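An overview of the molecular structure
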Amino acid sequence: MLGSITGLILAVVYLPLLVVFVNSFSTSTNLTWPPPGFTLTWWMRAFQNQGALDAIATSVQIAVASTLIALILGTLISLALQRHSFFGRDAVSLLVILPIALPGIVTGIALNNAFRTILDVRLGIVTIVIAHATFCIVTVFNNVIARLRRMGTSLEEASADLGAGIWTTFRLVTFPALRSALLAGGLLAFALSFDEIIVTTFTAGAGTTTLPIWILDNLFRPNQAPIVNVVAVVLVVVSIVPIYFAQRLAGNDRFARQ
């Protein structure tokens, strides 16, 4: 019974993805099932569609910038919370994790109001990057602080006893131990940012189109549905790859096995 329930749940999750994959080769110009025939035309048109290519470039640009911000701030926050004791440490930890727990629409509305009415900032790529960084920080923070807890402080203390300074200890001891955790957190942050749509919708200005927004805008347009299916398949692959390698890195790391 447990196996049957598991199989049913997996089927509900993954069969729609299979339908999207099959429809990307369909000769039909609409989302019909079963496909009347199969063709590679939509794949060729998708890779020549300038709107889709521009949206992909924008999504990659935003995801890279958000990931870099998350890596820097997430690491610094993790080191501060794990290596130091101060008043309000638990409250700070809660505030760091909270953005990823809040509904995306709440975060989007809050950031939209903050950018437009309080800060008077024009919505665009910069505001999207800031918005994505708020929840990408959480993935880096969780990976890094978990690694810091497992590795303890003995190696850093031994380095200090041998005369190494703070930066030398960080460069030769702390950073190598955190390297795989940073890479795993960065890959997850990139995947989250690349396919995020709810927060993006509220923080993107006119003329700024990410790949998920482009898919939503073109899903029901005539003769665009098959191209959207092709782009969706590419988006699934791009999302799976970083998550797969992040899990492999977390599972194979020697600190994770301890």
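Provided above is the structure to which this section pertains.
Starting afresh in each chain, residues are numbered from 1 along the sequence in its written order. In keeping with the predicted nature of the model, local features appear solely for residues at pLDDT of at least 70, side-chain atom pairs appear and are counted solely at 80 or more, and the whole-chain, interface and lining totals rest on all residues. Based on all heavy atoms of the structure, the side-chain values leave hydrogens and waters out of the count.

A few points about unusual backbone geometry
Stated precisely, the cut-off is as follows: Segments assigned H or I by DSSP are reported as helices when at least four residues long, segments assigned E as strands when at least two residues long, and all are numbered from the N terminus. The buried label goes to any residue with under 20% of its type's maximum accessible area, the exposed label to any with over 50%, and the partly exposed label to all in between, with areas taken from a 1.4 Å probe on protein chains only.
In this model, Asp120 sits at a positive phi of 55°, which is unusual for a non-glycine residue. Tracing the sequence through the fold places Asp120 in the loop between helix H5 (104-118) and helix H6 (125-151). Owing to a relative accessible area of 65%, Asp120 belongs among the exposed residues under this scheme.

Notes on the nonpolar core
Test applied: To qualify as a nonpolar core, a set must consist of buried Ala, Val, Leu, Ile, Met, Phe, Trp, Tyr and Cys residues joined through side-chain atoms within 4.5 Å. Residue contacts are counted whenever heavy atoms from the two residues lie within 4.5 Å of one another.
Membership of the largest hydrophobic core comes to 22 residues, with the highest contact counts inside it found for Val144, Leu148 and Leu178. Listing elements by their share of this core, those giving two or more residues are helix H3 (50-83), H5, H6 and helix H8 (166-194). The element that contributes the greatest number of residues to this core is H6, accounting for 10 residues. Once residues lying within four places of it in the same chain are set aside, the contact partners of Leu148 are Ser78, Leu79, Gln82, Arg83 and Leu178. Within the second largest apolar cluster, 16 residues are counted, among which are Trp214, Ile227, Val230 and Val231.

A few points about the layout of surface pockets
Basically, it comes down to this: Each cavity reported here is a set of points on a 1 Å grid over the protein atoms alone in which a 1.4 Å probe fits but cannot get out, each pocket an open set with protein on both sides within 12 Å along at least five of seven lines, and each lining residue one with an atom within 4 Å of a point. Grid points are joined across faces, edges and corners, and a volume is the space filled by probe spheres set on the points. Following the grouping adopted for this structure description, the nonpolar residues are Ala, Val, Leu, Ile, Met, Phe, Trp, Tyr, Cys and Pro, the charged ones are Asp, Glu, Lys and Arg, and the polar ones are all others, Gly among them.
The space that makes up the largest pocket amounts to roughly 570 Å³. If you go around the largest pocket, you meet 19 residues; those closest to its centre are Leu79, Glu156, Ile166, Phe170 and Thr174. When residues of the lining of the largest pocket are traced back to their parent elements, those giving at least two are H3, helix H7 (154-161) and H8. With seven residues, H3 is the largest single contributor of residues to the lining of the largest pocket. Here the residues of the lining of the largest pocket sort into 11 nonpolar, five polar and three charged. Of the voids in this model, the second largest pocket is the one considered here, and its volume is about 160 Å³. For the second largest pocket, the full set of lining residues is Pro99, Leu102, Val106, Thr107, Ala110, Leu111 and Thr134. Broken down by element, the lining of the second largest pocket gets its largest block of residues, four residues, from H5. By residue class, the composition of the lining of the second largest pocket is five nonpolar, two polar and no charged.

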